[in-house]
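What follows is the residue order along each chain.
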Amino acid sequence: MQLLIGEFLNIASKRTIRSKQKSSSIIKNEINVYFKSLRSIQLRIAVIFPNKYRIGMSNLAIKILYSLWNRFDQVYAERAFLPEESFTIPKSLETGTLLQKFNVLAFTVQFELDYTNILRMLKNSGIPLFRKDRIHGNYPLIIVGGTAVSANPLVLSPFVDIIFIGEIEAAINDLTEGLFYRDFELLAKVDGVYLPSSPPKEIIYARIPDLNATYFPTNQVRNTSDKNWQEMQVLGGFLLQVSRGCNRGCKFCLIGKLTRGGANNPMRERSVEKLLELSLEGTNKTRVDKISLIGSGIGDYSEMSNLLKSLNENKLKFSIPSIRADTDYSVIDEVVKNKQNTITIAPEVGSDDLRFSLAKRITNSQFYEFANYAKSSGIRSMKMYYIIGLPGQLDDEINHMIDFGKKMAVIFRQKRDLNITVGYFIPKRQTSFSQSFIDGKQIDQNEKQAKLLSNGLKKVASLHMPSKNWSIIQIILSIGDESLAPYLVKVTETSGHFQDWVKVLKGDPVRFLEEMQKMELVIPLEIK
Ligand code: SF4
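Residues numbered from 1 in each chain as written. Predicted model: local features only at pLDDT ≥ 70, side-chain atom pairs only at ≥ 80, totals over all residues. Heavy atoms only, no water.

## Overview of the overall build of the chain
Here is step 1 of the chain: Along the backbone of the chain there are 19 helices and 19 strands.
Here is step 2 of the chain: A globule of 528 residues ought to have a C-alpha radius of gyration of about 24 Å, and the chain, at 23 Å, matches this closely.
Here is step 3 of the chain: Of all 528 residues assigned to the chain, the portion counted as buried reaches 58%.
Here is step 4 of the chain: Intrachain contacts of the chain at a sequence separation of at least 6 include 76% that bridge at least 24 residues.
Here is step 5 of the chain: The positive charge centre, built from 69 side chains, and the negative charge centre, built from 55, are 6 Å apart in the chain. (Helix = DSSP H or I, 4+ residues; strand = E, 2+ residues; numbered from the N terminus. Rg over C-alpha atoms; globule rule 2.2 N^0.38 Å. Buried < 20%, exposed > 50% of the residue type's maximum accessible area, 1.4 Å probe, protein only. Contact = heavy atoms within 4.5 Å. Lys, Arg positive; Asp, Glu negative; His and termini not counted. Charge placed at Lys NZ, Arg CZ, Asp CG, Glu CD.)

## Considerations on the site of the ligand
Here is step 1 of the chain: The local shell around the ligand consists of C246, R248, C250, C253, G256 and S296.
Here is step 2 of the chain: Within the shell around the ligand, the residues separate by chemical class into 3 nonpolar, 2 polar and 1 charged. (Near = heavy atom within 4 Å. Nonpolar A, V, L, I, M, F, W, Y, C, P; charged D, E, K, R; others polar.)

## Details of the packing of aromatic side chains
Here is step 1 of the chain: Applying the stated criterion across every chain, the model contains 13 aromatic pairs.
Here is step 2 of the chain: The interplanar angle of 65 degrees and the centroid separation of 6.1 Å between the aromatic rings of Y329 and F370 together place this pair among those described as edge-to-face. Residue Y329 is located in the loop between β14 (317–319) and α11 (330–337), and its partner F370 is located in helix α13 (residues 364–377); the two are separated by 41 residues in the primary sequence.
Here is step 3 of the chain: Its relative accessible area of 0% is what places F370 among the buried residues.
Here is step 4 of the chain: Ring plane angle 35 degrees and centroid distance 4.7 Å describe the contact between Y329 and Y373, whose orientation is recorded as tilted. A residue pair is termed long-range when its members are at least 10 positions apart, and Y329 in the loop between β14 and α11 and Y373 in helix α13 qualify at 44 residues.
Here is step 5 of the chain: Each residue in the set F367, Y368, Y386 and F404 is aromatic and connected to the rest through ring pairs, giving one cluster.
Here is step 6 of the chain: Sitting above the plane of the F102 ring, R44 keeps its charged end 5.0 Å from the centroid. (Phe/Tyr/Trp six-rings, centres within 6.5 Å; stacked < 30°, edge-to-face > 60°. Lys NZ or Arg CZ within 6 Å of the ring centre and 35° of its normal.)

## Focus: the pattern of salt bridges
Here is step 1 of the chain: One pass over the full model with this rule turns up 25 salt bridges.
Here is step 2 of the chain: We note a salt bridge from E94 to R79, for which the minimum N-O separation is 2.9 Å. Of this pair, E94 sits in the loop between β3 (75–81) and β4 (104–108) while R79 sits in strand β3, placing them 15 residues apart in sequence.
Here is step 3 of the chain: The residue K518 makes a salt bridge to E515 at a minimum N-O spacing of 3.3 Å. Here the residue K518 and the residue E515 both occupy positions in helix α19 (residues 509–518), the gap between them amounting to 3 residues, near one helical turn.
Here is step 4 of the chain: Residue classification places E515 among the partly exposed positions, given a relative accessible area of 36%.
Here is step 5 of the chain: The network of salt bridges with common partners includes E167, E169, R244 and R268. (Salt bridge = Lys/Arg side-chain N within 4 Å of Asp/Glu carboxyl O.)

## Let's talk about the sheet that holds strand β18 (residues 462–464)
Here is step 1 of the chain: Read from one edge of the open sheet, 4 strands run β15-β16-β17-β18, paired in parallel fashion. Each edge of the open sheet carries a strand with a single partner, namely β15 (342–348) and β18. Across the sheet, the mean angle from the axis of one strand to that of its neighbour is 20 degrees, orientation sign disregarded.
Here is step 2 of the chain: Relative to strand β16 (residues 381–388), β15 runs parallel, the two being bridged by 5 bridges. Among the inter-strand pairings, E348 is bridged to a residue of β16, identified as Y386.
Here is step 3 of the chain: Contacting β16, β17 (418–424) and β18, helix α15 (residues 440–457) runs over the sheet at an angle of about 155 degrees to β16. (Pairing = 2+ DSSP bridges. Axes fitted to C-alpha atoms, helices over the stretch in contact; angles between N-to-C directions.)

## Some points on the nonpolar core
Here is step 1 of the chain: With 99 residues, the main nonpolar core has W69, L293 and M408 as its most contacted residues.
Here is step 2 of the chain: If we ignore the near neighbours within four places in the chain, the residues touching M408 are I345, F367, Y368, A371, M382, M384 and L418.
Here is step 3 of the chain: Formed by 68 residues, the second largest nonpolar core is a distinct cluster that contains V160, Y194, I203 and M516. (Core = buried A, V, L, I, M, F, W, Y, C linked by side-chain atoms within 4.5 Å.)

## Considering the domain arrangement of the chain
Here is step 1 of the chain: Segmentation of the chain into domains returns domain 1 (25–200), domain 2 (235–339) and domain 3 (341–528).
Here is step 2 of the chain: On a C-alpha basis, the centroid separation for the pair domain 2 and domain 3 is 25 Å.
Here is step 3 of the chain: Buried surface at the junction of domain 2 and domain 3, both sides included, amounts to about 2300 Å², of which 69% is carbon and sulfur.
Here is step 4 of the chain: Contact with domain 3 buries area across many residues of domain 2, yet K251, F252 and Y329 alone supply 31% of it, more than any other trio.
Here is step 5 of the chain: Put simply, domain 2 and domain 3 have 0 salt bridges between them. (Domains from an automatic or database assignment. Buried area = accessible area lost by both parts, 1.4 Å probe.)

## Details of the side chain of E30
Here is step 1 of the chain: Of note, E30 is situated in strand β1 (residues 30–31).
Here is step 2 of the chain: With relative accessibility at 9%, the residue E30 sits in the buried group.
Here is step 3 of the chain: Side chain to side chain, E30 and R79 meet in a polar contact 2.5 Å long.
Here is step 4 of the chain: With residues near it in sequence (within four places) discarded, E30 still touches Y53, M57, R79, L93, V221, R222 and N223. (Polar contact = N/O pair within 3.5 Å; in protein donor to acceptor, adjacent residues only side chain to side chain.)

Written out as structure tokens, the structure is:
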């Protein structure tokens, strides 16, 4: 859907001059920061990651939003992160402006556990938490987007003005106009916009049709501090998005479901030529020689081998989040040529039967063959992801996971060369498993299975086990609805530790979860 774009938006022709207001000291270590003269600005947006700076600066959405909005002459987007200290008043990095002074606060939320961080930032900024309490008063509009709220917009709906579901580039002009004029009739017509004040029954996931034709920032803001800081980052170097969406439909996965919607081909790819062009420009502008390749369904990228080959030919280092075991092995050859020691796979479970029932169609034999090839080609270590608590995952399955891990340990002989990260299954709205009932019995079983797995593999692999406690809170936030609002507010008044959650959730989060699931939990929204 296209709306008329008025005089308001012009793409900026050049960087503008430094604001006189006080920047954060962090800025002095950053490159590619936008500074603009506030005199010519008509819309000030704080792009906010509701967690610490170190985590947020590895987030591609922050970098995209920051550059995308700053391309408009009349818009100034600044960044803000959750302050290190709980009760500190948050300010923008660029000009040290209080959040209350912005026209728009745009939060990107990837994890449900960050919901209370959003409320904490609003509270510490003196901004009323509930939307109804901001109607009279000169407060910023609050918009949230990201995977967590796209799956379930209900939990944050009493607090925020707009929830954006989808890909921002598909709606940036119309959305920005709507925000500038505070025109909710206009906003309601924009793809991906969910207005909690008048919730729609269905919504179109805002989707860009052609990734090659879509703007991607090469001038990514980056912290150039010392090596220690760089190593603490989740993702370093120039972040390069290879693809969007995923054509697979793994039953537990949100990405596969969300990006599918009504689309015949939810996965969209950038061409090798385009990616090489972006890589050369991006590494030059961000002054790095390393690229972090990103994409939810990246394992299916059709030109992966050619892409890696051309990055190698141009002497660019790269990292890949994970590789499908049924991929063309020339991908491994290119990874080895890039002098990388580690590869990552996601078997999730240990038996073909369960894996296939989850719609993840790769066999154990394919994983072993892949691992053997990688090891014999010069890859030193392997990272793997496992999930515990999936529907139908009995103790027998944990034994299969142990066997699978032990077979991998035979290939990657040293304990330090086999890293296994285990996560508890968190049901997500919109997925096939959204109605999974998780009670105390299931949670106890998950914990027992985690111990079984840990005991079975701790001698042969480095294990990263999940937190049972936080998984319970995450499930509540993942499948809950507006009725959680008073509890979230109460947690915001505390330090937010797990024990604070226990007190707020009537002393027993598991029982709270059970009671919550006895009520109607069907989400009244269809994402198309
Ligand atoms: S392949 Fe990965 S991104 Fe795609 S649906 Fe499965 S788990 Fe999700």
